[in-house]
Amino acid sequence: MKKTLIAVAALAATGAFAQNVTVTGTLDATYRSSKTTTAAGTDVNTTRLGKDGIGTTGFTLAGTEDLGGGLKADFLVETNFSVADTNTEGTGGAYATGQTFVGLSGSFGSIKLGAPNSPTLTTQGGRAGSFGTKDGGRAALTANGYSTLMGLAVTRFDGAIGYTSPNFSGFSFGLLYAPKSDDAATPAAGALSDVGLFYNNGPISAGVSKFAREIGAGDATTAVQTSKNDLTSYYVTYDFKFAKFGLGGHTYKASNAAGADTADNAGMNALAEVPVTPALALTVNYQRLDDKLTANADSTQTAVGAQYSLSKRSMAYARYINQTADNATGATVEKANRLLVGLRHNF
């Protein structure tokens, strides 16, 4: 349930002034049981209570102010944290910052300054359907060292400018840009761009995006970017009511300062979501990554899941993910699987 706070009724010389502020959030706790097997035959089993099996835990504070003439001032601050880590043992930061921006919106669309979400995040989330950017979707297991089977995880970047267009008969587009800096004191600064085109109308949802980042570009988690990245992503889904089916894919290349390729892969996935009852839905997502470098470390992942709505705000879920990698050697993980059971509550 969204709780709305009507904030500020102050009198200024020019007249009354009002602002709408909303507080929303998600709490997601997950029991995870994982097993990895290296090419040398070493097994590692891990069991723990963690977070974010199906949603991102956190609070979002958002506000708008009507400036008149159809123009609005907007802001959003998203704080993510773990329901299973209060940092009481000093084991690390329990809080992290998500999407944050201030901007303007109107008939022209919206402009966001700060760290807004990227168009490619929309594409990658749409590509995986109900699995989204979590386990079984963009987030891969540790087979062969891949953190994602979608080429590169692109979420948001500090010091960025974002633009989202109005909807034109189902079509819209988004832009994200972080300017380059020649300041030697901040070597992490560099240009990056992300552009996406989307279509959402009736049973059809589709999108394509292109992300490019120069060497030296930095983000919230990388002090200095040491590789040049080029990622193209796409997806399309169709809802037949009795089930929704989708296809997605990507091409990704990365190179170092010397111009040598450090990554070159392409991937595809197919998904299906079947509503069994109004409360229960079954999901499956199959992914394949084709590695084009000498190692040819191809990887395959199959994810199946069930989610049961306890109410409009609460959901119980279970997922099983299996991932294998080709041509693994030595200590490299060749097989990985994970079982998740969790509970998510939105407010």
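What you see is a predicted model; the values in this text were computed from it and never measured.

S.K.: Quick rundown of the packing of aromatic side chains? Include the residues and the values.
M.R.: All told, the structure shown has 8 aromatic pairs when counted by the stated rule. For the ring pair Y163 and F173, a centre distance of 5.7 Å and an interplane angle of 50° mean the geometry is tilted. Taken together, the residues Y163 in strand β8 (residues 160–164) and F173 in strand β9 (residues 171–178) connect sequence positions 10 residues apart. For F173, a relative accessible area of 33% translates into the label partly exposed. Aromatic pair F240 and F245: ring centres 6.0 Å apart, planes at 65°, arrangement edge-to-face. According to the relative accessible area criterion, F240 is partly exposed, its value standing at 42%.

S.K.: Before we move on, can you summarise the pairing of β8 with the specific residues and values?
M.R.: By the bridge criterion, 5 bridges tie strand β7 (residues 109–115) to β8 in an arrangement that is antiparallel. Each bridged residue has a counterpart across the sheet, and for S110 the counterpart in β8 is T164. In the sheet, β8 pairs with β9 via 4 bridges, with the strands oriented antiparallel. Its bridge partner lying in β9, G162 is registered against L176. From the end of β8 to the start of β9, which pair antiparallel, there are 6 residues, and S169 there has a positive phi angle of about 50°.

S.K.: Describe the environment of Q307, with residues and values.
M.R.: Among the secondary structure elements, Q307 is positioned in strand β16 (residues 299–309). Each C-alpha atom, one on Q307 and one on T283, is 8.3 Å from the other, the two residues being 24 residues apart in sequence. Those residues in contact with Q307, other than ones at most four positions away along the chain, are I54, S130, A279, L280, A281, M315, A316, Y317 and R319.

S.K.: Mind laying out the nonpolar core, listing which residues take part and the relevant values?
M.R.: By size, the foremost hydrophobic cluster in this structure holds 12 residues: L152, V154, F157, A160, L176, A178, L192, F211, L231, Y252, A254 and A263. Residue assignment for this core shows that the elements contributing at least two residues are β9 and β13 (244–255). Those residues in contact with A263 that sit more than four places away from it in its chain are Y252, K253, A254 and L293. Listed in part, the 11 residues of the second largest apolar core include L141, I321, A325 and V333.

S.K.: So, the layout of surface pockets: which residues are in play, and what are the values?
M.R.: In this structure, the second largest pocket encloses a volume near 260 Å³. Along its surface, the second largest pocket is lined by 14 residues, and R32, R48, K51, D52 and D135 are the ones closest to its centre. Split into classes, the residues belonging to the lining of the second largest pocket amount to 3 nonpolar, 4 polar and 7 charged.

S.K.: So what's going on with the side chain of H250? Which residues, and what values?
M.R.: Residue position: H250 is located in strand β13. Contact partners of H250, with chain neighbours within four places excluded, come to R127, L149, M150, G151, L231, T232, S233, Y234, N265, A266, G267 and L289.

S.K.: Which residues make up the side chain of S110, and what values go with them?
M.R.: On the secondary structure map, S110 appears in strand β7. Ignoring any residue separated from it by four or fewer positions in sequence, one finds S110 in contact with L104, S105, G162, Y163 and T164.

S.K.: Describe a nonpolar patch on the surface, naming the residues involved and giving the relevant values.
M.R.: A surface patch of nonpolar side chains, amounting to about 670 Å² of accessible area, comprises L67, V102, L104, F108, I111, L113, I161 and Y177. If you list the elements that add at least two residues to the nonpolar patch, you get β6 (95–106) and β7. On the secondary structure map, L104 appears in strand β6. By relative accessible area, which is 37% here, L104 ends up partly exposed.

S.K.: Describe the pattern of salt bridges, listing the residues and the values that go with them.
M.R.: If you walk through the whole model with that rule in mind, you get 10 salt bridges. For D43, the salt bridge identified is with K35, shortest N-O distance 3.9 Å. Exposure remark for D43: the relative accessible area of 42% places this residue in the partly exposed category. Judged by its relative accessible area of 31%, K35 is partly exposed. Across the salt bridge formed by R288 and D326, the nearest N and O atoms sit 3.3 Å from each other. Of this pair, R288 sits in strand β15 (residues 280–291) while D326 is found in the loop between β17 (314–325) and β18 (333–346), placing the two residues 38 residues apart along the sequence. Of the residues examined, D326 reaches a relative accessible area of 29% and is grouped as partly exposed.

Criteria and cut-off values
- Counting from 1, residues in each chain are numbered in the order their sequence is written.
- For this predicted model, a pLDDT threshold of at least 70 governs which residues receive local features, and a threshold of 80 or more governs which side-chain atom pairs are given and counted, while totals over whole chains, interfaces and linings are taken from all residues.
- Computation of side-chain values: all heavy atoms of the structure, hydrogens and water removed.
- Only Phe, Tyr and Trp rings are paired, with Trp represented by its six-membered ring, and only when their centres lie within 6.5 Å; those with planes under 30 degrees apart are stacked, over 60 edge-to-face, the remainder tilted.
- Secondary structure elements follow DSSP: runs of H or I no shorter than four residues count as helices, runs of E no shorter than two count as strands, and numbering proceeds from the N terminus.
- For every residue, the accessible area (1.4 Å probe, protein chains only) is compared with the maximum for its type, and the residue is labelled buried under 20%, exposed over 50%, or partly exposed between those bounds.
- What makes two strands pair is DSSP finding at least two bridges between them.
- A contact between two residues is defined here by any heavy atoms of the two lying within 4.5 Å.
- The nonpolar core is taken to be a set of buried Ala, Val, Leu, Ile, Met, Phe, Trp, Tyr and Cys residues, with the residues joined through side-chain atoms within 4.5 Å.
- The distinction between a cavity and a pocket rests on a 1 Å grid over the protein atoms alone: a 1.4 Å probe fits inside a cavity but cannot get out, while a pocket stays open yet meets protein on both sides within 12 Å along at least five of seven lines, and a residue with an atom within 4 Å of a point counts as lining.
- Grid points are joined across faces, edges and corners, and a volume is the space filled by probe spheres set on the points.
- Throughout this entry, Asp, Glu, Lys and Arg are counted as charged residues, while Ala, Val, Leu, Ile, Met, Phe, Trp, Tyr, Cys and Pro are counted as nonpolar. The remaining residues, Gly among them, count as polar.
- Like-charged residues are merged into a patch within 9 Å and nonpolar side chains (Val, Leu, Ile, Met, Phe, Trp, Tyr) within 5 Å, provided each residue has over 30% relative accessible area and no salt bridge.
- Using a 1.4 Å probe, the Shrake-Rupley method yields the accessible areas, and only the shown protein chains count as cover for residues.
- Salt bridges are identified by distance alone: a Lys or Arg side-chain nitrogen within 4 Å of an Asp or Glu carboxyl oxygen.

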